[in-house]
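Next come the chains, spelled out residue by residue.
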Amino acid sequence: MSKPFRNPIIRWIDHRLPAFSFVRDQLEGYPAPRNLNYWWNYGFLSMVMLMIMILTGIILATHYTAHESLAFLSVERIMRDVNWGWLVRYIHSNGASMFFIVVYIHIFRGLYYGSYKAPRELLWILGVVIYLLMMATAFLGYALPWGQMSYWGVTVITNLFGAIPFVGEDLVIWLRGDYSVGNITLVRFFALHYLLPFVIFAVVFLHLWALRRFGSNNPLGIDAKGPKDKIPFHPYYTMKDIYSLGWFFIFYAVFVFFAPNLLGHPDNYVPADRLVTPPHIVPEWYFLPFYAILRSIPSELGGVLAMFGAVAILFFLPWLDRSPVRSARFRPVYQWFFWVLLGDCIVLGIVGAYPPVDPFVTIGQLATAYYFAHFLIILPALSVLEQPLPLPTSIYQPVLPKGRERFAEEGSLTQRETVQDAVQTKSH
Amino acid sequence: MNGYIKPVLVLGAFAGIIYYAVTTYTHEQAAAGGHGTARYENLKFPFQNIFGTYDRAALQRGYQVYQEVCAACHGLNLVAYRNLTEIGFTADQVKAVAAQYQVPGGPDANGDLTERPALPSDRFKSPYPNAEAAKAANGGAVPPDLSLITKARAGGADYIYALLTGYEEPPADATPPSPTLNYNPHFQKGPWIAMPPPLAEGSVTYADNTSATIPQMSYDVASFLNWAAEPELETRHRTGLKAILFLLVLTGIMYAAKRKLWVKVHNPQD
């Protein structure tokens, strides 16, 4: 067991409520694979962003008024008259973008290294649930300043639910609280926007609990077998996480202090006017790929189903990709398709930013078709058809100077080259 | 290096597709004309770079242009008179400026509405009591409040400058949708704008004797309006510089600590 705490007050508390032991156990008593690269830092960065958003959000909420005649003015009051209000507001608005950036990188890390595969399927599913909750929270939050984009974005997205047969029209009125988007909608959106981050917090707890069960995946994708494959999370990965936080905060600070409205839309600085529709209604950048998918399908219901389907399909990923090899490092064909998927998502995002005219319509439709084909056709096909590279025998072996020679004796030339590549191309 | 070939090839191909699509679209838009596609230069206002500050003299001249020309139709209802101390007015000058305007007071003992002179704590008084009055006085178009105009338009202060200096004679074949409209190819919602050219040479006599040409007045009022929309800009830049310098040093120290800690992990001895 670990040694007792030095401080007598902490010992007294911990004996009655073992919170300190719990934290120490989570950090020091948690062995992690020794070969994690920096793509594994983004989960920590996501947690930091969640905490920053909750903290700044609560501060904003103490100055915000959720009423359609006062919302926009209260936000401007925060910007102009509340001490450092502009800073809290910009941290929160740019924080939403930062949160999605780190979560997207975190997701794509999972896709590349097969972190969604057995036995981590539930960990992955909980992650998709967190992503859905984040999307809902961001959508609700964007309504709150009650600018033109807020109002019309809410109108467009709540209208979509009307496409559902039979219940659609009543559902739209029920969601809005009124026949059209108005004050009632704003008030309830504020309540829900305040609530959901705490739901996210709870699901993050489940996500970490599921992670704890089998530990982290690693860039080689093979299970950590012996104690030599692992190092304690604290202090090694806590230090690495805090270091990466420095770079992340610099990136974040550039936006907050020098380009705070770059990722936003100027129309949201115009107070909402139900009689004037903006020429182009677009969501924030992190929703653009889904917006492109929505607009690619000519039918309204089809578009809605495709848009939700694009997220829903992620739930099934562990069963669509059945290759026994986890990491793309040993799946050379899958690697190509991974990069194509990433490129496809970026193209979808750009298509979503532009009005639905050619050439964007055709490109958007092709990109949407490819997105679904990737998950429904390509991944299952690769599970059967792909010839993966041979895996290293353990995580520890490739790190040793002697280990490489040991491989030369035991394995074929191909195997040694593979392991050499695995060790030397550190950036994978 | 060979590990980078796949992502570079694939993402490069996609970058090519995006480049093709965006340039095709932009050319089509420019060919169709109108909708603010006229190019204008990025003037590089002094406050636009990362060390940027406002030029107080330009802000004061811009305030004069706003007060004497624009305030006839455009409100500035998020700015308070007391904010004028930030551009160089003294507290007494601000009180005098504010007192020139009558704003609604509370009901009197009989319940009748009263008016009182404005205080520095009051916001700028709008020229019209409501949107309907604004529309009626301006041929159906509502002159927008200018408090956030540089944040509410793509292009910011550069756009305002381009708009104010951009009025021209319409091309021979162009017909306005309505006869009272004016031709300005920089206007974001199409070349026809309800606002007539607001500035003329010498519209304003500057207190500091700068010559009041249209470009000068446009530059000054664009600077002033940027301040009205972003009064925190100088503090924001200063704080940002300090924050990033601090973070750079801190990150350097964290890196050194991380490397020292990880030495044994990177070089296992058995």
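Bear in mind the structure is a predicted one, so any value in this text is a computation, not a measurement.

What counts and what doesn't
Residues numbered from 1 in each chain as written. Chains lettered and ligands numbered in written order. Predicted model: local features only at pLDDT ≥ 70, side-chain atom pairs only at ≥ 80, totals over all residues. Heavy atoms only, no water. Helix = DSSP H or I, 4+ residues; strand = E, 2+ residues; numbered from the N terminus. Expected span 1.5 Å × (residues − 1). Buried < 20%, exposed > 50% of the residue type's maximum accessible area, 1.4 Å probe, protein only. Pairing = 2+ DSSP bridges. Disulfide = S-S within 2.5 Å. Salt bridge = Lys/Arg side-chain N within 4 Å of Asp/Glu carboxyl O. Contact = heavy atoms within 4.5 Å. Buried area = accessible area lost by both parts, 1.4 Å probe. Polar contact = N/O pair within 3.5 Å; in protein donor to acceptor, adjacent residues only side chain to side chain. Nonpolar A, V, L, I, M, F, W, Y, C, P; charged D, E, K, R; others polar.

**Some details on helix H10 (residues 233-258) of chain A**
Then, number 1: With 26 residues, H10 of chain A should reach 38 Å at 1.5 Å per residue; the first-to-last C-alpha distance of 36 Å fits that figure.
Then, number 2: In terms of burial, H10 of chain A is largely enclosed, as 19 of its 26 residues are buried.

**A short note on the pairing of strand S1 (residues 102-107) of chain B**
Then, number 1: For S1 of chain B and strand S2 (residues 113-117) of chain B, the ladder comprises four bridges, and the chain directions are antiparallel. Paired with Gln102 of chain B across the bridge in S2 of chain B is Pro117 of chain B.

**Overview of the state of the cysteines**
Then, number 1: Counted by the stated rule, this structure contains zero disulfides over all chains.
Then, number 2: Cys70 of chain B provides the cysteine sulfur closest to Cys73 of chain B, a residue in no disulfide bond, and the two sulfurs are 9.0 Å apart.

**Here we look at the pattern of salt bridges**
Then, number 1: All chains considered together, the criterion is met by 15 salt bridges over all chains.
Then, number 2: One salt bridge in this structure joins Arg123 of chain B and Asp81 of chain A, with 2.8 Å as the shortest N-O distance. Pair noted here: Arg123 of chain B is in the loop between S2 and helix H4 (131-137) and Asp81 of chain A is in the loop between helix H4 (71-80) and helix H5 (85-113), and the two residues belong to different chains.
Then, number 3: Glu232 of chain B is paired through a salt bridge with Arg236 of chain B; the nearest N and O atoms lie 3.1 Å apart.
Then, number 4: Since its relative accessible area comes to 2%, Arg236 of chain B is described here as buried.
Then, number 5: Taken together, the shared-partner salt bridges in this structure form one network comprising Lys117, Asp321, Arg331 and Glu386 of chain A.

**Brief notes about the interface of chain A and chain B**
Then, number 1: If you look at the interface, chain A gives 58 residues, while chain B gives 54 residues.
Then, number 2: When chain A packs against chain B, the two sides together hide about 5000 Å² of surface, and 75% of this comes from carbon and sulfur.
Then, number 3: The three residues of chain A that bury the most area against chain B are Arg80, Phe258 and Trp339 of chain A, which together make up 14% of that side's buried surface.
Then, number 4: Summed over the shared surface of chain A and chain B, the number is two salt bridges.
Then, number 5: Linking chain A with chain B are twelve residue pairs in polar contact (both at pLDDT 80 or more).
Then, number 6: Among the elements of the structure, H4, H5, H10, helix H14 (332-353) and helix H15 (360-385) of chain A are those that each provide at least two residues to the side of chain A that touches chain B.
Then, number 7: Residue contributions to the side of chain A that touches chain B peak at 16 residues, all from H10 of chain A.
Then, number 8: Along the lines of polarity and charge, the residues of the side of chain A that touches chain B split into 43 nonpolar, seven polar and eight charged.

Worth remembering: the numbers are spatial, not functional.
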